[in-house]
Each structure stands twice: as C-alpha cells, then as structure tokens.
Amino acid sequence: MAHRWTNTLTHADVTPQAAFLNRRQVMAGLAGVGLAGLARPAAAQEALEPNTWEDITSYNNYYEFGTRKEDPARYAHTLVTEPWSVTIDGLVDKPGEYDFKDIMSEMTVEERIYRFRCVEAWSMVVPWNGFELADLLNMAGVQEGAKYVAFETAYRPDEMPGVQFPILEWPYREGLRLDEAMHPLTIMATGIYDKPIPNQNGAPLRLVVPWKYGFKSIKSIVRITISDVEPPTSWNMSAPREYGFYSNVNPNVDHPRWSQASERQIGGGLFAKRIPTLMFNGYEEEVGGLYDGMDLKEFY
Ligand SMILES: Nc1nc2c(c(=O)[nH]1)N[C@H]1C(S)=C(S)[C@@H](COP(=O)(O)O)O[C@H]1N2
Ligand SMILES: [Mo]
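- In the annotation of an unreviewed UniProt entry, the chain is listed under the name Protein-methionine-sulfoxide reductase catalytic subunit MsrP and assigned to Ruegeria atlantica.
- According to the UniProt record, the Subunit (unreviewed entry) comment for the chain is "Heterodimer of a catalytic subunit (MsrP) and a heme-binding subunit (MsrQ)."
- Regarding the chain, the UniProt comment filed under Sequence similarities (unreviewed entry) reads as follows: "Belongs to the MsrP family."

1. Side note on the overall build of the chain
Then, in step 1: Of the regular secondary structure elements, the chain holds eight helices and twelve strands.
Then, in step 2: Buried residues in the chain amount to 55% of all 300 residues.
Then, in step 3: Relative to all contacts within the chain whose residues are 6 or more apart in sequence, the contacts with residues 24 or more apart total 70%.
Then, in step 4: A total accessible area of about 13,500 Å² is found for the chain, and carbon and sulfur atoms account for 53% of it.

2. Overview of the pairing of strand β10 (residues 221-227)
Then, in step 1: Two elements, strand β1 (residues 85-90) and β10, share four bridges in a ladder whose sense is parallel. Within β10, the position partnered with D89 by the bridge is T225.
Then, in step 2: As defined by bridge partners, strand β5 (residues 148-153) adjoins β10 across six bridges and the pair is classed as antiparallel. Its bridge partner lying in β10, A150 is registered against T225.

3. What about the pattern of salt bridges?
Then, in step 1: Tallied over the entire structure, the rule returns 13 salt bridges.
Then, in step 2: For R68, the salt bridge is made with D71, and the minimal N-O distance between the two is 3.0 Å.
Then, in step 3: For R68, a relative accessible area of 44% gives the class partly exposed.
Then, in step 4: We classify D71 as buried; its relative accessible area is 3%.

4. A closer look at the site of ligand 1
Then, in step 1: Residues in close proximity to ligand 1 total 16 residues, the closest being N60, Y63, E64, T153 and K219.
Then, in step 2: Note that an oxygen atom of ligand 1 is positioned 2.8 Å from one of the side-chain N or O atoms of N60.
Then, in step 3: Contact between ligand 1 and R206: an oxygen atom at 3.0 Å from a side-chain N or O atom of the residue.
Then, in step 4: A per-class count over the shell around ligand 1 returns seven nonpolar, six polar and three charged.

5. Section: unusual backbone geometry
For residues besides glycine, phi is generally negative; the peptide bonds are generally trans as well.
Then, in step 1: The omega torsion across E82 and P83 is 0°, close enough to zero to call that bond cis.
Then, in step 2: One can find P83 in the loop between α3 (71-75) and β1.
Then, in step 3: Residue P171 follows W170 across a cis peptide bond; omega there is -5°.
Then, in step 4: Counting through the fold element by element, P171 comes out in the loop between β5 and β6 (173-177).
Then, in step 5: One non-glycine residue, F280, lies in positive phi territory at about 50°.

6. Quick notes on the nonpolar core
Then, in step 1: Core analysis: the biggest nonpolar cluster contains 76 residues, and W128, L136 and I224 have the highest contact counts within it.
Then, in step 2: The contact partners of L136, leaving out residues within four places of it in the chain, are I88, I103, M107, F131, M188 and I224.

7. Some words on the UniProt feature "binding site: Mo-molybdopterin" (unreviewed entry) in the chain
Then, in step 1: The feature "binding site: Mo-molybdopterin" (unreviewed entry), as annotated in UniProt, sits at N60, Y63, E64, C118, T153, N201, R206, S217, I218 and K219 in this numbering.
Then, in step 2: The residue C118 is located in the loop between β3 (110-117) and β4 (122-132) in this model.
Then, in step 3: A relative accessible area of 5% places C118 in the buried class.
Then, in step 4: In this structure, C118 is in contact with N61, Y213 and G214, ignoring residues within four places of it in sequence.
Then, in step 5: Here I218 falls in the buried class, since its relative accessible area comes to 1%.
Then, in step 6: Among residues more than four places away in sequence, those in contact with I218 are F151, E152, T153, Y172, R173, E174, R206 and L207.

Criteria and thresholds
- Residues numbered from 1 in each chain as written.
- Chains lettered and ligands numbered in written order.
- Predicted model: local features only at pLDDT ≥ 70, side-chain atom pairs only at ≥ 80, totals over all residues.
- Heavy atoms only, no water.
- UniProt positions renumbered as here; feature names shortened; annotations may be inferred.
- Helix = DSSP H or I, 4+ residues; strand = E, 2+ residues; numbered from the N terminus.
- Buried < 20%, exposed > 50% of the residue type's maximum accessible area, 1.4 Å probe, protein only.
- Contact = heavy atoms within 4.5 Å.
- Areas by Shrake-Rupley, 256 points an atom, 1.4 Å probe, with all protein chains shown as cover.
- Pairing = 2+ DSSP bridges.
- Salt bridge = Lys/Arg side-chain N within 4 Å of Asp/Glu carboxyl O.
- Near = heavy atom within 4 Å.
- Polar contact = N/O pair within 3.5 Å; in protein donor to acceptor, adjacent residues only side chain to side chain.
- Nonpolar A, V, L, I, M, F, W, Y, C, P; charged D, E, K, R; others polar.
- Core = buried A, V, L, I, M, F, W, Y, C linked by side-chain atoms within 4.5 Å.

Here you go:
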C-alpha cells in the first residue's frame, strides 16, 4: 500500500490536527483528491477532546451482557478472549481461521481519535488503537465480484448472560459495503488509551466505523465473510423501519421515534451538553463521496 498512516507519532504528538492532516494525505493518495479542501474548515479538523477512560468503559451498549448501560462493565468479564480466532471466508483468496495473535503481528496498530455517535443520540470521543480493516481484508485477498463484508460476534451462552433473552437474533451481525469496509477511516479497534480494549468495549477486536451510528461497530468479532450480496444485520432484522443497512449519521433523517438532529455528549455531568449532530458525524469530506447520487432518506 503506497500511502498509509504512520505509527511514528507518540501519544502526546497525536493532536487531532495532526491526525486530520494525516488523513487528508491518505485520501489525497487513495482517491486523487486535491489538498485544496484544506482551506475550508472541516468538522473533523476541530479539536476532539477524548472522553475519560471511566466514561468510555462504564457507559456501554453490548446486549449480550444486558441492556442497561452499566451491564457490560459489570458482566462482560466472563467473556474468555484468549485464545481468540477470526474466521475469514467467502470471496477471499486465503480463507481460514486466523489466530488473533497472528493477525496482530501482521497489522500496524495506530491511534485514531474518533467521534462516536450512538443511534440513541448520545456521543463520545474515543482514542482508539487499531488497524485499518482494509489491511486485514487485503491480507486475506478480496476476490473479484466481492461487494459486501459481513461480521459476526461470538455467541457463547455460557459466557454471555444476555443471549438467553431474544432481544436480537443472535449472534449479533453487521455488514458494510466493500468500499465502506476498505475506507481508511474504517478500523478494527484493539485498544483504548494504549491499553488492550476492555471486554465491555468489544475485546479482543471490534469494528469502528466513525461516520455511522454506533450499532454498526460490532464487537468481539469471530467471523468476517466477504460476499456479493448485502448481508442481513441484527438491528435491521429486528426493526427494519428503524434501522437500515447504511445507518450513516444524518441529522436530516430522524429515527421514526426520535430526532437525530442533536446529541448529548457523555461526560458533561448532570447538565450534559447537547450539540448539533454533524452530517456523517463530521466526516463528510472524507466519506461523502461514497454516497454520491444516493437518496439517503431511502437508503437510511
Ligand atoms: N456484539 C455487539 N456489538 C455491539 C453492540 C451489541 O449490543 N452487541 N452494541 C452496539 C451499539 S448500539 C453501540 S452504540 C456500540 C457501543 O460501543 P461502546 O460500548 O464501546 O461505546 O457498540 C455496538 N456494537
Ligand atoms: Mo448504539
């Protein structure tokens, strides 16, 4: 890969500004986008102040461990994350069961400070550590005709007290279009604040797609399947009118039961700040082009 983010910056060096400029360079290289856009202030260029470790690891959604925000922090310790393997199959040159340690030895782990927006209208800023999903898919060798990527979370009734309740059809499933999956902003997170990612956040590896609502960012992944058809996804199967396949953060398309125009930033204490929600969660310059010509009210 000709252009990629360096991992030479130390934690202290990684200001949002540096991360943003780096991302522009990647985009310029990959998509032939000029740097003229830099003159225009972009949301992603604004300072992103990360939430505390405490906020990020104690206010979670991980229904396999219960539906209350405090449940995952309390119960997810029962998930055994070592050893761990990920099956990569479907339209790939090298299908197989990949050991997590072997994957890690091949991947470049970097810090990415991303705005994270849940469909329930709360948000956080998380300093993830992770690698680009594109690197993993390229390692497996994506074949001609591939159009989508499907993901599955582990299904372990003995370790996941929540899966006895039929809230969703287990295992938790998610999917992306191949170009979304290959986008340099899409990462597999394996850490937070330079520490291994806690179980409640999706250990040992989870997807992070910063321009989509949080539920697309599936946790504790055991299977990745490359396919030529749009895969079924858990939330879409359970409530298709409320949760579409795309689920791009979009302040102009409301959830049928509540507005998506603003969000409450976790960490603001009792009077948590409400701020306007940005198109594509603030990553419009980077990802808007993926949806050119699409009616985002139809493809929600
Ligand atoms: N397997 C699985 N992945 C999941 C979920 C879940 O319930 N199960 N919840 C999703 C939702 S709704 C959100 S908002 C994010 C929350 O991630 P966080 O707890 O790290 O903030 O995880 C997503 N990934
Ligand atoms: Mo969510």
